[in-house]
Amino acid sequence: MSGPEIRLADVHTWIHRAVRGGPDVHAAAAALGVAPGRLAIYRRFVRGHVRSAVAANFGLTRAATAPAAWDALVDRYVDAHPAHHWRLDDAAAAFPAWLADVAALDAPRRALAELEWTLAEVRHDPTPWPAVPAGGWALNPTLAILQSPFALVPWAIALGRGEPAPPPPAAESLVLACRRPADEVTVFHAGHPDWLFAIKVAHDGLTVAEAAALSGQPAAAVRAALDGAVDASLLLKG
Amino acid sequence: MPPAASTDPPRPQAAGPCLGHGIGLRRAHWPALLDDPQGLAPAAGVDFFELLTENHLSPGPGRRAARRAAARRPIVLHGTALNIGGLDPLDRDYLAAVAALAHDTGARWISDHLCFSGAHGEAFHDLIPVPRTVEALDHVSRRIDAVRGALPDVPFALENPSYYIQYAGQPMDELTFWQRLIDRTGVRLLLDINNVYVNCANHPGGDPDAFVDGLPAHAVQQIHLAGHTDLGDVIIDTHGAPMIDPVVALYQRVLRRIGPVSTLFEWDNDLPALPVLLAENARARAAAQAVLGPAGPGGRL
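Attention now moves to unusual backbone geometry. A positive phi angle, close to 70°, is found at Ser233 of chain A, a residue other than glycine. Even without a glycine there, the phi angle at His125 of chain B is positive, about 55°. Following the sequence through the fold, His125 of chain B ends up in strand β6 (residues 122-128).

Right, dumping it as structure tokens:
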């Protein structure tokens, strides 16, 4: 080796500039004594990790967006939001709010992104599964209820199946999302009055008889609503 | 008549114990490997699981899967976020979470990479090579001591990562840096055979045989095998293909020298169906048995 040792601080600073992009890749390559093409590999990798986190968490929004527009959009996002945490998914957390800030997509697609981040939070919800007394019901602790100005569920299902689907018209809706205890898979449903009723019963800790008396419904109808919510994994049954 | 004395020189031994041949546990394979009512049948031929540390640190499904895996096979933890070569302070919350996961799963050892994976408060989620300088050697040595202080109950190893650049102003070659680091700190080595091949192919003068022959045998805790992608002007360590024959041959060269070592076949990108992964694991086992026999001394193959 001729010349002085390269300083650790300089390596960190130049690598940081290189992976953030722009003309600094060439300046960094010169400072580090490496080939720009090889240094660009790391730039692609580092940015690609954030891009992949966005793609993984917002697959439906991506499917609803033209590929070129999506690529440009995510590039802008990566510039604005580099990763700061060892949890890579955290790098995608700001995407829905950023979309709103920059008004980069239309309102239905922004709402779809909000739904997808809700699903991501459900997927990673750390709450332990509760012990449910035999014969009783409990709310699924991962349950999230999202209010949206668009009927997102049919649209999201169509996109998930790879079907072309235009954005839905404005219509207030509720989305119920949770993780199934049996296989830890995240599911979502359009809010249904019977399920919302069942959630209320379980949340308030009512018995079937109490719920029937308060709602004026037959006990069999209350029980059917509760069983339906269990089948949808919104409630857990002991 | 006394038995004839062996003419073979004593073989240096790797850092034990040898757990056999394992695979990385990936979410797509959880149902087959962790939920099968037959218990261990789908994981036949898998002696241990390596968990990607960051996937199991938080409470929730990842942690529950880690516990289920630990009930079935020995566990080792392999991380990417330690940032041992970084200048940002070590993340104490991260280290505490790793310690808790290691305790939860009874991890036999934990590992990460000799690299830096963040700078100036940003996380790269990639493995950037540490310059092979005296300053970096001092810095990494101090951080190894700090990690051991935070994780006193579990052996700690560093992997030789693949790298695509070599900085100007590096007074040491890679082998010398590793020799000095191991000599100074006693850190254990997770020897990635594919990375040795890739690095030697990507940089002029690379000699994979000389590199593996020069490593201190007593430090080798585990071996990684993997596939890569040859783009012509550069080989990328993609972990997305079967291993190639020269990597298998290099693996066998290491085993001839140091004996049985816990070996893991890595496949992370374009994850195949479980039988494909198990076939590569079986291929690695057969390669080891071809060198050391059906069961090596002091360890399972």
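Turning next to the domain arrangement of chain A. Along its sequence, chain A is carved into domain 1 (8-105) and domain 2 (137-237). Taken over C-alpha atoms, the centre of domain 1 of chain A sits 37 Å from the centre of domain 2 of chain A.

It is worth spelling out the sheet that holds strand β3 (residues 170-179) of chain A at this point. All names here are of chain A. Read across the sheet, three strands follow the order β2-β3-β4 without closing on themselves; strand pairing throughout is antiparallel. Since the sheet does not close on itself, it has two edges, and those belong to β2 (144-150) and β4 (186-190), each with one partner. Strand-to-strand twist in this sheet, taken as the mean axis angle between neighbours without regard to direction, amounts to 25°. Where helix α7 (residues 107-123) meets the sheet, its contacts fall on β2, β3 and β4, and the angle it forms with β2 comes to roughly 175°.

Looking now at the pattern of salt bridges. Note that side chains of opposite charge can pair when their charged atoms are close. All names here are of chain B. Under the definition given, this model contains 23 salt bridges over all chains. As a salt-bridge pair, Asp268 and Arg26 come within 2.5 Å of each other at their nearest N and O atoms. Within this pair, whereas Asp268 is found in the loop between β12 (262-266) and α9 (274-292), its partner Arg26 is found in the loop between β1 (21-24) and α1 (30-34), the two being separated by 242 residues in sequence. For Arg26, a relative accessible area of 11% corresponds to the buried category. Between Arg184 and Asp138 there is a salt bridge; the shortest N-O distance is 2.6 Å. With Arg184 in helix α5 (residues 174-185) and Asp138 in helix α4 (residues 134-150), this pair connects stretches of sequence that are 46 residues apart.

Take the interface of chain B and chain A next. As a measure of interface size, the accessible area lost when the parts come together is often cited. Tallying the contact residues gives 48 residues for chain B and 40 residues for chain A. The interface formed by chain B and chain A holds two salt bridges in total. Here Arg64 of chain B makes a salt bridge to Glu184 of chain A, at a shortest N to O gap of 2.8 Å. On inspection of chain B and its partner chain A, the count reaches 17 residue pairs in polar contact (both at pLDDT 80 or more). Those elements that place two or more of their residues in the side of chain B that touches chain A are α2 (61-70), β5 (116-119), β6 and α4 of chain B. Per element, the largest residue contribution to the side of chain B that touches chain A is seven residues, and it comes from β6 of chain B. Of the residues in the side of chain B that touches chain A, the class split is 24 nonpolar, 16 polar and eight charged.

About the criteria used
Residues numbered from 1 in each chain as written. Chains lettered and ligands numbered in written order. Predicted model: local features only at pLDDT ≥ 70, side-chain atom pairs only at ≥ 80, totals over all residues. Heavy atoms only, no water. Helix = DSSP H or I, 4+ residues; strand = E, 2+ residues; numbered from the N terminus. Domains from an automatic or database assignment. Pairing = 2+ DSSP bridges. Axes fitted to C-alpha atoms, helices over the stretch in contact; angles between N-to-C directions. Contact = heavy atoms within 4.5 Å. Salt bridge = Lys/Arg side-chain N within 4 Å of Asp/Glu carboxyl O. Buried < 20%, exposed > 50% of the residue type's maximum accessible area, 1.4 Å probe, protein only. Polar contact = N/O pair within 3.5 Å; in protein donor to acceptor, adjacent residues only side chain to side chain. Nonpolar A, V, L, I, M, F, W, Y, C, P; charged D, E, K, R; others polar.

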